[in-house]
Every structure is written in C-alpha cells, then in structure tokens.
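The residues making up each chain are set out below.
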Amino acid sequence: MEIVMAFVIGILFMSATYLMLSKSLLRIIIGTGLLSHGAHLLILTMGGLKRGTVPLLGEEASSYTDPIPQALILTAIVISFGVTAFFLVLAYRAYKELGTDNTERLRGNEGND
Amino acid sequence: MKEMINFLILPLLIPFLTGILLIFFAKNVVIQRWIAAISALFNVVIAFLLVQKVRNDGIQTLDVSSWQAPFGITLVSDMLSALLVLTTTIIAFTSIIYSFRSIGVEREKYFYYPALNFLIVGVIGAFTTGDIFNLFVFFEVLLMASYVLLVLGGTKIQLRETIKYILVNVISSALFVIAVAYLYSVVGTLNMAHISVRLDDLGQSGIITVIAVLFLIVFGLKGGIFPLYFWLPGSYYAPPAPVMALFGALLTKVGVYAIMRTYTLFFIHDTGYTHQLLMILTIITIVVGVIGAIAFSDIKKIIIYNIIVAIGVILFGVSVMTPDSLAGSVFYLIHDMVIKAALFLLIGIMIAITGTSDLRKISGLIRRYPGLGWTFFIAALVLAGIPPFSGFVGKVLIVKGGFESEQFLGAGIVLASSLLVLFSIMKIFINGFWGTPQDYKGETNVPVRKLLIAPVILVTISVLYGAGSEIIFPYISQAAETLANPSVYIEAVLKEW
C-alpha cells in the first residue's frame, strides 16, 4: 500500500512541478493545489497505513491507527484552502489591473538600475 | 504536577483579540488608531514582564488545554523567545504610530491595522511555540497576514510582487509539511523537546541529515539565505515604508529563529555535515548581500541587501556553535531587528519628501531636515557596528567564536563585511544628505517631525542597547546557554520525564 501511495504522491508532485513551470497564472495556481495535495498524502503515508482499525486510543484498544497524521492533514488542508482562495482572488485582480495572466509579462525592474 | 503559567500566552492573545476587535471599527480610522496603539504599548509592557519572569524563574512552559507535554501542544518561553517577543512588540508599536501619518486613510479603512495585528500574532506565536507543527501553523498565520499587507493598496508593482511572494511561500510551506512528515515518521513525535530526546537516542543517520537539509531549505527560503534569497529584494521593494519595516525586521528573522532553534535543538549530532553546509551558505550570503548593498544606488535596495548581510552574520554565529558565537548571534539578532526597522522608517520619510528612492536624484536633505539627517547618521553608525554601538558587541562575540573554532575565513569575512556595510550606508548619507538642496516632486507638507517619533524611539533603544550591554548581557547569555545546552530546554518542557 505504501508503495502505491509513493507513486501517487510522486505523480502529484511531478504534475505540480510541470504546471508551476508554465507561464499561465491559473495553471500555476492549480499546480500549487496539486503540490499541497501531494504533501498531505505524504503525511498520511508517513504515519503508517493500516486497514481495519480506527484512530482511537482507548485503554483497552488492541489495535488503532495513529490519529496525529489525520489531525495534521486536516489543519494543512484548511490552510491550503485559504491560501488557494486568496491566490485566486489575487490572480483575478492582478489580471484586471495588469491586463495579463502571463508571468512572462509580469517582469519588472524598478530599482534595479 | 508541574507548575503552569498562562502568562506567556498573553503577548499572543492581545494582538489576536485586538485584530478581531479592529475589524468592527473598519471605517472609523481614529478609533482604530487609538485601539491599535494602546494595545501595542500594553503588549510591550507585558512582554517586558515576561522577560523578567523568565530571568527570575527560568524557562516558562504552558501545556495548552492541559494536554501533557509530549502529547499536546506546548508553548515555551525561554530567554531567546522572550527577548524576541519583546523586540517584536516594540517594533509593532513603533510601526503602528509611524503608520498614523504615512500609510494613508484608504489603507487604514481596508483592514491595515487588523492585518498588522495578525502578523504580530503569527510572529510571536512562531517565537513562542514548542511544537514543530504548530510552528508551521503560526508561519501560515503570519504569511497570510503578510500577503494582505503586501498587496494592500493594489498598485501594479504590489500585485505583481505579491504573486511571486505567495508562490514562493506556498512552495516553501509544502516543503515544510513534507519535512515535518519525514521527521514524524522517524521520531513519532511533534513536541520539539521530545524530538530532541528521540534524536539523541537514534543518533544522526542519513535520513536525519536529509531532514536537516530540508528544514534548512524551508527556513532559508523564509529567512533569505543564499541561494534562496532571490525573491527577497523584489518583494520587499513593493510595500510602503512601515510594512517594509515590519517585513524586514520580523519576517526574515522568524526564519532565522527557526534555523537557530532546529540547528541547536535537533540536528546536533552530525555538525560536520549540516553546520558546515550552513556555514558555507552563510559566508556566501554575506558576500552576496554586501555586493548588492554596494552595487545599487536605490536606497530601498541598499537597506534590503543589508538585511541579507545581517542574516548571514547571525547564522554564521549559529553555525560555529560555540557559546560565545551563539551569544553574539542572539545579541546581533535583536540589534538587527531594531535598527533595520528604524532604517526602513527613516528611508520611508526620505522617500515621502523626495518622491523617489533613486539616490542620484536626492541631495542636501540635511539643510532642511537636520533632525532626519542626524537620526539617520546615528542609525548608520549603529548598523555598521562602530563601538560603542550595539552592532559592535554582537559582531565581536561572533568573530571571537569564529576564531576560537579556527574558522578564519568566515570570521574574516564577517569583519570585512562591517566595513563595506558602513560604506554602503554612508553612501546614502553622503549623497542624500550632503550637497545642495533640491526641489522635489514628493508629497508636500510631509509631517517630518511627527514621522520621526517612531524611528527616534527605535534608534534610542538601539543606542541604549549598545551602551547598556553590560546590563543586558546576562539576559543574552541566559538565552545562549539554552541554545548551547539543549538539555535545559528539554528538562523545562518534559519535567516529568
């Protein structure tokens, strides 16, 4: 199971990198979304995958899944949700203000002379 | 049952509640200013009391919701974090009073003060937390607020630079999560003291070194060490002066603090690799920063590259890892936070008067604005570390530590960098303040005297910090002692273990 997850995470990271290297702002934002998905799955896998048990730490429990990675993912998902929402709004505003979503044309050199 | 103290959460709670409260007064700028300033001043007092508390009673800890230490989130105030919290509150207060006359009513109506307060929450939280994942959460809090502050106003350059800034930080946050995941899979805990204990048992295997380098990349991106500083000169150039002061003084220093913490608490078993790498990078950082500071003739860029130099100097002290160099790093870190904030506020006044940041178009300011000129001159001397000012003490200790551990090249470069920093900052003074006065296209009726209050407070603190270093030094050495000897930190957090 961990091996499969490793491939899934690797593919997610690969697609994210490809998208973030493109010039369109929207593709870049989708890339950041995929990157954080990959990172979240990585946390889940790193905690160890187990089937058939629940994340409970009872006094008598014979077997349980580690609940901490799940708590961490929940936090990380909420954060990346917020950041992505902000990024999308910013991209829209920048598109309206600057008239382009092409990062090639977002270059600037104020103060570099 | 170990003794609990709620006091150390106060510096975090005050800006948090203030930020929420201010949202309700969004359209009433006068009330916002009063509330923001009073709460920031109150927070300075609280932070000062916290430093005294840590000085008298040792490291303070708080297990949030009474979940015992390695299981729940623990907040820890050792001397380093308490001192940094105090410095942060002072910089927050001065930035707020500087903003009254400079930031503009439009920004103030669109949640400038709430965002500023949330930024302070994130910074203070990052300094105070004792949990590695909670550190990530506080990083996100301060980043979210910094996105708002950076883009607020919506000018073209701000929009453009914010896009780059967010992209860099989203990638670095993803790497942070990945690093924490790797670390968790190896040690099975998130409490920083407990991680240190577990790593002590495990020894430094290859995977730990990988994690150490991953953390260095994550925090290096935030802190701006070579080669990860590439985004910094562009992004810090965009916002108005008080925001620049907050960013330059606080945000990069959070990254520096995180490297200090992790490289003295976690990754201390294979210093031959990790700390050597850190040292090489810091030396290159100093060189690159100095080149930038000398090469540009734009006053914002010069100060921004001086941030990069300072980060190199502070982290060089950390990489050497002797008690002297660590004390020097702590001393220099606080010195640098205060003086960088002062310099950004001062050049903010210069830019307001002249309407340009191009040094070639500015001259003779001291004729018409002697107060501004002399404050800048003292700030320049403090920055370069001319004795008896505060930069000197920190650098002496760092260089001493460098020579003791026979890192002659690095220590030599730290020394040489002081001269070039002095050159770069004097360039602003000589070109900008001497010479014949000109007529400028900047704002008319800049309230220079009222704007000068905040930088004068900061420069005064900086001078006193240097002159009173005998009184302050016990605090610094207490902070450095915890860094040099992690068992103090571990025992304070895990009292029952």
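Everything numeric in this text was worked out from a predicted model, so none of it was measured. (Residues numbered from 1 in each chain as written. Chains lettered and ligands numbered in written order. Predicted model: local features only at pLDDT ≥ 70, side-chain atom pairs only at ≥ 80, totals over all residues.)

Student: Help me understand the overall build of chain A, please; the structure alone is not making it clear to me.
Tutor: The helix and strand tally for chain A stands at three helices and zero strands. For a compact globule of 113 residues, the expected C-alpha radius of gyration is about 13 Å, and chain A comes in at 20 Å, more than 25% above that figure. In chain A, which comprises 113 residues, the proportion classed as buried is 26%. Intrachain contacts of chain A at a sequence separation of at least 6 include 53% that bridge at least 24 residues. (Helix = DSSP H or I, 4+ residues; strand = E, 2+ residues; numbered from the N terminus. Rg over C-alpha atoms; globule rule 2.2 N^0.38 Å. Buried ≥ 20, exposed ≤ 12 C-beta atoms within 10 Å, placed from the backbone. Contact = placed C-beta atoms within 7 Å.)

Student: Sorry, what's going on with the overall build of chain B here?
Tutor: A tally of regular secondary structure across chain B gives 21 helices and two strands. Against the compact-globule benchmark of 23 Å for 497 residues, chain B has a radius of gyration of 21 Å, which places it among compact chains. Overall, chain B is about 70 × 55 × 45 Å in size when its C-alpha atoms are taken along their principal axes. By residue count, 61% of the 497 residues in chain B fall in the buried class. By sequence separation, contacts in chain B at least 24 residues apart represent 80% of the contacts at least 6 residues apart.

Student: Would you mind showing me how to read the interface of chain A and chain B here?
Tutor: Contact residues are listed per partner, giving 27 residues for chain A and 29 residues for chain B. Counting residues per element, the ones that place at least two in the side of chain A that touches chain B are helix 2 (25–46) and helix 3 (68–98) of chain A. It is helix 3 of chain A that contributes the most residues to the side of chain A that touches chain B, 14 residues altogether.

Student: Got a minute to help me understand the environment of P387(B) in this structure?
Tutor: Residue and element names in this part refer to chain B. As for its position among the elements, P387 is in the loop between helix 16 (370–384) and helix 17 (390–404). Residue class for P387 comes out exposed when judged on the 12 C-beta atoms lying within 10 Å of it. Through-space distance from the C-alpha of P387 to that of A467 is 9.2 Å; in sequence the pair is 80 residues apart.

Student: Teacher, can you tell me more about the confidence of the model for chain B here?
Tutor: A low pLDDT score tells you not to read the predicted coordinates there in detail. Residues and elements named next belong to chain B. When pLDDT is averaged across chain B, the result is 91; 99% of the residues are at 70 or more. Looking at the elements of chain B, mean pLDDT is at its lowest for helix 15 (residues 365–368), recorded as 87, and at its highest for helix 5 (residues 112–128), recorded as 96. The ipTM value of the predicted complex is 0.92, and its pTM value is 0.94. (pLDDT = per-residue confidence, 0-100.)

Student: Before we go on, may I ask you to explain helix 16 of chain B in this structure?
Tutor: Side chains three or four residues apart in an α-helix point the same way, a direct result of the helix having 3.6 residues per turn. Residues and elements named next belong to chain B. In this model helix 16 runs 21 Å from its N-terminal to its C-terminal C-alpha over 15 residues, within 8% of the 21 Å that 1.5 Å per residue would give. L372, T375, F376, A379, A380, L381, V382, L383 and A384 are the residues of helix 16 that are buried. Positive phi appears at G385, one or two residues downstream of helix 16, with a value of about 80°. (Expected span 1.5 Å × (residues − 1).)

Student: Even after reading the chapter, I still don't get unusual backbone geometry, so can you show me in this structure?
Tutor: Leaving glycine out, the prevailing phi sign among residues is negative, and the prevailing peptide bond configuration is trans. Residues and elements named next belong to chain B. With an omega dihedral of 0°, the bond running from F226 to P227 counts as a cis peptide bond. Summarising the element assignment, P227 is placed in the loop between helix 9 (206–223) and helix 10 (232–237). Of note, the phi angle at S66 is positive, near 60°, even though the residue is not glycine. Looking at the secondary structure, you find S66 in the loop between strand 1 (60–63) and strand 2 (74–77). By the C-beta count within 10 Å, which is 8 here, S66 ends up exposed. With phi around 65°, F111 is a residue other than glycine that occupies positive phi space. On the secondary structure map, F111 appears in the loop between helix 4 (105–109) and helix 5.

Student: Just to check I follow, could you spell out the packing of helix 7 (residues 156–187) of chain B against helix 9 of chain B for this structure?
Tutor: For any two helices packed against each other, the geometry is given by the interaxial angle and the distance between the axes. Residues and elements named next belong to chain B. Relative orientation of the contacting elements helix 7 and helix 9 amounts to 155°, with a least axis distance of 9 Å. Between helix 7 and helix 9, the angle is such that the two are roughly antiparallel. The element helix 7 and its partner helix 9 pack so that their crossing is left-handed. Residues V168, S172, L175, F176, I178, A179, Y182, L183 and V186 of helix 7 pack against I207, I208, I211, L214, F215, I217, V218, L221 and K222 of helix 9. Residue classes in the contact of helix 7 with helix 9 are distributed as 16 nonpolar, one polar and one charged. (Axes fitted to C-alpha atoms, helices over the stretch in contact; angles between N-to-C directions. Parallel < 35°, antiparallel > 145°, perpendicular 65-115°, else oblique. Left-handed = near helix turned anticlockwise from the far one by under 90°. Nonpolar A, V, L, I, M, F, W, Y, C, P; charged D, E, K, R; others polar.)

Student: What is the right way to look at the packing of helix 14 (residues 323–354) of chain B against helix 19 (residues 448–467) of chain B in this model?
Tutor: All names here are of chain B. Put simply, helix 14 and helix 19 touch, their axes get as near as 9 Å, and they point 160° apart. In this view, helix 14 runs roughly antiparallel relative to helix 19, as classed from their interaxial angle. Here helix 14 and helix 19 pass one another in a crossing that is left-handed. For the pair helix 14 and helix 19, the contacting residues are H335, V338, I339, A341, A342, L345, L346 and I349 in the first and V448, L451, L452, A454, P455, L458, V459, I461, S462 and Y465 in the second. Residue composition of the contact of helix 14 with helix 19, grouped by class: 16 nonpolar, two polar and no charged.

Student: Whenever I open this one, the pairing of strand 2 of chain B confuses me. Can you help?
Tutor: Each regular strand carries side chains that alternate between the two faces of the sheet. Residues and elements named next belong to chain B. Every second residue of strand 2 is oriented toward a common face, with T74 and V76 on one face and L75 and S77 on the other, all of them buried. Bridge count between strand 1 and strand 2: four bridges; the pairing is antiparallel. Residue pairing for strand 2: Q60 is matched across the bridge by S77. (Pairing = 2+ DSSP bridges.)

Student: Just to check I follow, could you spell out the UniProt feature "transmembrane region" (unreviewed entry) in chain A for this structure?
Tutor: Residues and elements named next belong to chain A. According to UniProt, the feature "transmembrane region" (unreviewed entry) maps to residues 6–21, 28–48 and 68–92 in the numbering used here. Span residues 6–21 is 94% helix and 0% strand, its end C-alpha atoms 23 Å apart. With 90% helix and 0% strand, residues 28–48 has end C-alpha atoms that lie 31 Å from one another. (UniProt positions renumbered as here; feature names shortened; annotations may be inferred.)

Student: Mind showing me how you'd approach helix 5 of chain B here?
Tutor: With 17 residues, helix 5 of chain B extends 24 Å from end C-alpha to end C-alpha; this agrees with the ideal 24 Å at 1.5 Å per step. The buried fraction of helix 5 of chain B amounts to 17 of the 17 residues, a majority that puts the element mostly inside the structure.

Student: I keep staring at the environment of N43(B) and nothing clicks. Help me out?
Tutor: All names here are of chain B. For N43, the location among the structural elements is in helix 2 (residues 29–57). Taking the C-alpha atoms as reference points, N43 and L228, separated by 185 residues in sequence, lie 33 Å from one another. In this structure N43 touches P11, I14, P15 and T89, once residues within four positions along its chain are discounted.

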